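One-letter residues, chain by chain:
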Amino acid sequence: MTQTKPKIGDYQSKLRPTWCPGCGNFVINQMMIKALVELEIPPHRTVITYDIGCNGNGADKIRAYSFKSLHGRSLPPAIGVKYANHDLTVLSVIGDGGLFWEGAAHWIATAQRNEDITVLVWDNQIYGLTTGQTSPTTQINYPTKTWPKGSADEPINPISVSLAAGASFVARGWVGKPNHLKDVIKQAIKHKGFALVDILQTCFTFNNLLPKYQDQTYIIDDNHDKTDKIKAYKIAEQTDKFGLGVFYQVSKPTIYHKYPILKSKTLINQTSTNQIDDLLAEFE
Amino acid sequence: MTNKDIVSIRIGGPAGSGVKSVGKLLQKSLQHAGFYSFGYLGYPSLIRGGYNFYQINLSQQPVDYSLSYADIFIPLNSLALEQIKKTGSKPRYIIADKTALPDDKRDLPDKSQVIKLNLTSQLKKLKITKISLNSALVGALFKFLNLPLEKLNQVIKKQFVKKGRAVIGQNLKAAALGFNSLDHKPLSLSLPTTKVKTLVMTGNTAIALGFIQGQGRFFSAYPMTPSTSILHYLASVTDNQSILVRQASTEIEAIGIAAGAAYAGVRTMVATSGGGLDLMSEFISLLGIAEIPLVIVDAQRTGPGTGLPTWQEQSDLNIARCAGHGEFPRVVMAPGDPAEAFHLIQEALNLADEYQIPVIFLTDKYLGESLFSLDKSTFDHRSKIKRGKILNLINDKHHLFPRYQFDQDGISPRPLPGNVNGIHITTSDEHDVYGNSIESDPIRIKMQTKRLSKLGSLAKNLPPAKAYGNLKAKTLVVGWGSTKKVIQAVVDRLNLAGLHLSYLYPLNHAVLKSILNPYQQIILVENNSTGQLETDLKLAGVKNIKTLLKFDGEPFFADELLEKIKLLI
Ligand SMILES: Cc1ncc(C[n+]2csc(CCOP(=O)(O)OP(=O)(O)O)c2C)c(N)n1
Ligand code: SF4
Ligand SMILES: [Mg+2]
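What you see is a predicted model; the values in this text were computed from it and never measured.

Draft legend 1. Here's a closer look at the overall build of chain B. Within chain B one finds 18 helices and 23 strands. The C-alpha radius of gyration of chain B comes to 26 Å, within 12% of the 25 Å expected for a compact globule of 569 residues. Its C-alpha atoms give chain B principal-axis dimensions of roughly 85 × 55 × 45 Å. Within chain B, buried positions represent 64% of all 569 residues. As displayed, chain B offers around 21,800 Å² of accessible surface, 53% of which is attributable to carbon and sulfur atoms.

Encoded structure:
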């Protein structure tokens, strides 16, 4: 059966987003939709898992098979969906608090095992929904509700840690460059294996990063060798400016290589019946 | 029980010394000779050293419980003898290689007849590997019990087939050496004549087989004793079955991945022990509100905390009933033996699917790791697969499909991701019929009421427990989970009535009361320190309950329970 090409409207929710005016999440929401439409993936073939946070309040703002998980736990259900039915496109949305702290074990394990999901981190460098506490990516000295005189902890570097954990695709996007962000999301979705896009987002209310990133971001040169991990680290560790685009991309074994059963058919479409008769002989 | 028909043999020694190998070879050979047997294993949470034992009870009749004493003790080193002395048990016979006996005779338990063998030195003389001592010991025991060596030889040939002919040859020689090293046979047993085809299997394997038979497709777990052998077994069969097994990075991830797989439509199960269940509880709560089916096996062990990681307890009933914040429906069930485990896990998969709920399946160290003889026909019990209201065909177009719509029976049809007309939101937030998040709203009350209404139907529809034994007796002995067989044995012996509860939540209090109240006295047996089922029985209005508890890390032994119940009746 040929599907008609999906349109923007197919993905559009009837609900009005509840984000603050000026919030970067509007841009991410729209760029996700555009990326999926341009890749011609229809909404019913798309599963998006969400975390709890301002990001998760987007769960009913895109029309697709959405799964709003618990705080820090957006990734595990996404992995499970992919195991059950790998014909589906599976995205996992999560915030900086959710992924880099509450769910950090999932971040590392999912990257290490090269699970075939696309992780989109809505990284506003603050706890948005809980009204402005320090997050793992909050800049040092930035005043928050939990560090009123300025955050004392040095922030984590999501790109470097993802690289170290073994991610096969690591990229950064910025809501200030929507079309570029969309392209990065498209590449991430197309990547076979674990893809992480750290999306610099402005929390207009608690951490307005607009001025900072307007000045300090640049698009990584087209000639950057994406398979060179050391170069990727070098860009990731720059502190005066912030590269945008794909830092690193290699092809690595993912679930189709690891589980022979998934080679010919999805798990849900397996037709053979499990049989215990032959197994009983061992116990005779 | 001081039952003349049962011979109990205990093999003891340090971890890694072959206790399990000797025990397994012996139990397999006895099975092959036509006996029923029961193997109970005790071991510390260590890889080398410590003290391990493997106790085998054998009989011509089915025997599926443990005993507190051994008729025959086979120590594999002198530490093992010290252990048996410490417990005060006095085996009638001690059969041992010279190397496992103390130099000083006074260190032997008095009253035991010691049969000292010279196997190690003879093996050495014949240039047979030291490890074949296992087969030599079993050979000696076969002679001791007056059983034909041929039966043992057949099992050796089968057991070592993968190791090659040389290894088989060495073990056959060793078995013969052991067999010929004894000339007396004081415990002459006659070979069983009945020819039932039996299997020797743990409860965990039966659970895994039930999952396979129930067309389970996805299993994830993080290793934790005593659940781990389910993970091992399922991982070992994935070449020939349509099953995917994922060892997860944490229990939280295990159940999170499982939730995703189950949501996407495949039959899914996870397994853990109490500590892992604690970690899983947040996702159990999500399953409750998102109405996702999942079977969660909790193989209990001695708690709290890390407790006694490799020992027995039934102390997770409370947490099974209430794990996860908020209020939502679930089923808690507990099989009593491997046959029931095989059958019940298939029911668990059906119930999870039909009611779109988490089902917590309680087993424990004793049931999960003990080796039971089962009639092969046990595995003919194959439940019909019921997947509930999964919707494959939806004709109407929907902007969003009302996944959580209000149906008469409280169960909403469930389209799976990929269905062109079934798009909806699945969420841990309270939601409207489409899955959109809501705030405090009249729909919240309707949704919560809808979900909880499943508990009412479950309490009505779950099969009620049936009393057995002498229904006119004054005393009814009640238990749940792995105490089933030991209680049955005692109830039989004392001509009492018994009741085994397989379904533990939700309980139909009215039915329970009507079953229990005709008895003058209820004896409740629980392998824990507080009596977790007692609360329920009291709530149901059951009177005159006497509770027998045990929480030393071991299961109830039949002889022990017999004496304790005798004192109460
Ligand atoms: C287990 C648990 N702990 C805490 C919370 C409260 N909580 C909700 S969102 C959030 C942090 C949000 O920060 P982030 O993940 O960065 O998402 P954002 O709101 O910024 O998009 C917290 C702590 C929760 N929902 N669940
Ligand atoms: S709090 Fe920040 S992240 Fe959340 S909606 Fe408002 S601006 Fe956006
Ligand atoms: Mg944030």
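Draft legend 2. Region of the structure containing the sheet that holds strand S10 (residues 268–272) of chain B. All names here are of chain B. Strand order in this open sheet of 7 strands is S9-S8-S10-S11-S13-S12-S21, and the pairing throughout is mixed. Because the sheet does not close on itself, it has two edges, and the strands there are strand S9 (244–247) and strand S21 (503–505). Neighbour-to-neighbour, the strand axes of the sheet open up by a mean angle of 20°, direction not taken into account. Pairing geometry for strand S12 (residues 331–333) and strand S13 (residues 358–364), over 3 bridges, is parallel.

Draft legend 3. Looking closely at the nonpolar core. All names here are of chain B. If you look at the biggest cluster of nonpolar residues, it comprises 100 residues, and the most contacted ones within it are Ile296, Leu516 and Leu533. Take this core: its biggest share by element is 9 residues, from helix H9 (residues 251–263). Counting residues in hydrophobic clusters, the runner-up holds 85 residues, among them Met201, Ala348, Ile357 and Phe372.

Draft legend 4. A look at the coordination of the magnesium ion (ligand 3). Residues and elements named next belong to chain A. Asp96 (OD), Asn124 (OD1) and Ile126 (O) make up the full set of protein donors to the magnesium ion (ligand 3), lying at 2.1 to 2.2 Å. In the primary sequence, the donor residues of the magnesium ion (ligand 3) line up as D-x27-N-x1-I. One end of the pair, Asp96, is in helix H4 (residues 96–102); the other, Ile126, is in the loop between strand S4 (118–123) and helix H6 (158–165), and 30 residues separate them in sequence. No difference in accessibility class separates Asp96 from Ile126, as the two residues are buried.

Draft legend 5. Fine view of the pattern of salt bridges. One pass over the structure, following the stated rule, counts 31 salt bridges over all chains. Among the ionic pairs, B:Lys454 bridges to B:Glu291, the shortest N-O distance being 2.7 Å. Remark: B:Glu291 occurs in the loop between helix H10 (274–290) and strand S11 (294–300) and B:Lys454 occurs in helix H14 (residues 442–461); sequence separation between them is 163 residues. Each member of the pair, B:Lys454 as well as B:Glu291, carries the same accessibility label: buried. Across the pair B:Lys550 and B:Glu560 runs a salt bridge, and its minimum N-O distance is 2.9 Å. Of this pair, B:Lys550 sits in the loop between strand S23 (545–549) and helix H18 (558–568) while B:Glu560 sits in helix H18, and the two are 10 residues apart along the sequence. Judged by relative accessible area, B:Glu560 falls into the buried class, the value being 19%. Three or more residues are tied together by salt bridges with common partners; here these are A:Arg113, A:Glu115, B:Arg246 and B:Glu253.

Draft legend 6. Molecular detail of the site of ligand 1. Residues and elements named next belong to chain A. In the vicinity of ligand 1 there are 16 residues, among which Cys54, Asp96, Gly97, Gly98 and Gly128 approach most closely. Here an oxygen atom of ligand 1 and a backbone polar atom of Gly97 are 2.9 Å apart. Ile126 is positioned such that a nitrogen or oxygen atom in its backbone is 3.2 Å from an oxygen atom of ligand 1. When residues of the shell around ligand 1 are assigned to their parent elements, the largest contribution, 4 residues, is made by H4.

Draft legend 7. Quick look at the site of ligand 2. A:Trp19, A:Cys20, A:Cys23, A:Cys54, A:Asn124, A:Gln201, A:Cys203, A:Phe204, A:Thr205 and A:Phe206 make up every residue found near ligand 2. Looking at the shell around ligand 2 residue by residue, the classes come out as 7 nonpolar, 3 polar and no charged.

Draft legend 8. Molecular detail of the sheet that holds strand S4 (residues 72–75) of chain B. Residue and element names in this part refer to chain B. With mixed pairing, 8 strands are arranged side by side in an open sheet as S6-S5-S4-S1-S3-S2-S14-S7. Sheet topology places strand S6 (113–117) and strand S7 (198–202) at the edges, where each strand pairs with a single neighbour. With strand direction ignored, the average angle separating the axes of adjacent strands in the sheet is 20°. Bridge analysis of strand S2 (residues 36–42) against strand S14 (residues 371–375) gives 2 bridges, and the strand direction is antiparallel. Among the inter-strand pairings, Gly39 is bridged to a residue of S14, identified as Leu371.

Draft legend 9. Here's a closer look at the interface of chain B and chain A. Taken together, the 66 residues of chain B in the interface contact 53 residues of chain A. Both faces considered, chain B and chain A share a buried interface measuring about 5,000 Å² in area, 60% of it formed by carbon and sulfur atoms. Contact with chain A buries area across many residues of chain B, yet B:Leu244, B:His399 and B:Ile423 alone supply 13% of it, more than any other trio. Taken together, chain B and chain A are joined by 7 salt bridges. Between B:Arg382 and A:Asp277 there is a salt bridge whose closest N-O contact spans 3.1 Å. Put simply, chain B and chain A have 33 residue pairs in polar contact (both at pLDDT 80 or more) between them. Of all the elements in the fold, those that place two or more residues in the side of chain B that touches chain A are helix H1 (19–32), S7, helix H7 (203–213), S9, H9, H10 and strand S17 (425–427) of chain B. The element that contributes the greatest number of residues to the side of chain B that touches chain A is H9(B), accounting for 8 residues. Split into classes, the residues belonging to the side of chain B that touches chain A amount to 31 nonpolar, 25 polar and 10 charged. Both strand S2 (residues 65–68) of chain A and S17(B) contribute to a ladder of 3 bridges, which runs parallel. Bridge assignment links A:Ser66 to a residue of S17(B), and that residue is B:Ile425.

Draft legend 10. Just unusual backbone geometry, in detail. Residue and element names in this part refer to chain B. Look at the link from Thr225 to Pro226: it is a cis peptide, with omega at 0°. Here the residue pair Gly303 and Pro304 is connected by a cis peptide bond, since its omega of -5° sits within 30 degrees of zero. For Pro304, the position within the fold is in the loop between S11 and helix H11 (317–322). A positive phi is found at Asn146, a non-glycine position, where the angle reads about 60°. Positionally, Asn146 belongs in the loop between helix H4 (133–144) and helix H5 (149–159). With a phi close to 60°, Glu291 is a non-glycine residue in the positive phi region.

The rules behind these values
Residue positions are given per chain, counted from 1 along the sequence in the order it is written. In the order they appear in the text, chains get letters beginning with A and ligands get numbers beginning with 1. Note on the predicted model: pLDDT of at least 70 is required for a residue's local features to be given, and 80 or more for side-chain atom pairs to be given and counted; whole-chain, interface and lining totals, by contrast, use all residues. To obtain the side-chain values, all non-hydrogen atoms of the structure were included, while hydrogens and water were left out. A run of H or I in DSSP becomes a helix once it reaches four residues, and a run of E becomes a strand once it reaches two; helices and strands are each numbered from the N terminus. Just to be clear, the radius of gyration here is over C-alpha atoms, and the globule rule we use is 2.2 Å times residues to the power 0.38. Exposure categories follow from relative accessible area, calculated using a 1.4 Å probe and restricted to protein chains: below 20% of the type maximum is buried, above 50% is exposed, and the middle band is partly exposed. The method behind every accessible area is Shrake-Rupley, applied with a 1.4 Å probe, and residues are considered shielded solely by the protein chains displayed. Only strands joined by at least two bridges in the DSSP assignment are considered to pair. The axes are straight lines fitted to the C-alpha atoms, using for helices just the contacting stretch, and the angles between their N-to-C directions are given from 0 to 180°. Note on terminology: a nonpolar core comprises buried Ala, Val, Leu, Ile, Met, Phe, Trp, Tyr and Cys residues joined through side-chain atoms within 4.5 Å. Coordinating donors are taken as N, O and S atoms within 2.8 Å of the metal, stretched to 3.2 Å for Na, K and Ca; because water is absent from the atoms, sites can appear incomplete. Any carboxyl oxygen of Asp or Glu that lies within 4 Å of a side-chain nitrogen of Lys or Arg is treated as forming a salt bridge with it. Nearness here has a simple test: a residue counts as near a molecule or strand if at least one of its heavy atoms is within 4 Å of that partner. Residues adjacent in sequence count toward polar contacts only when both atoms are side-chain atoms; beyond that, a polar contact is any pair of N or O atoms within 3.5 Å, and within protein one must be able to donate a hydrogen and the other to accept it. Under the scheme applied here, ten amino acids are nonpolar (Ala, Val, Leu, Ile, Met, Phe, Trp, Tyr, Cys and Pro), four are charged (Asp, Glu, Lys and Arg), and all others, including Gly, are polar. Two residues qualify as a contact provided that any one of their heavy atoms is within 4.5 Å of a heavy atom in the partner residue. When two parts are brought into contact, each loses some accessible area as probed by a 1.4 Å sphere; the total of that loss over both is the buried area.

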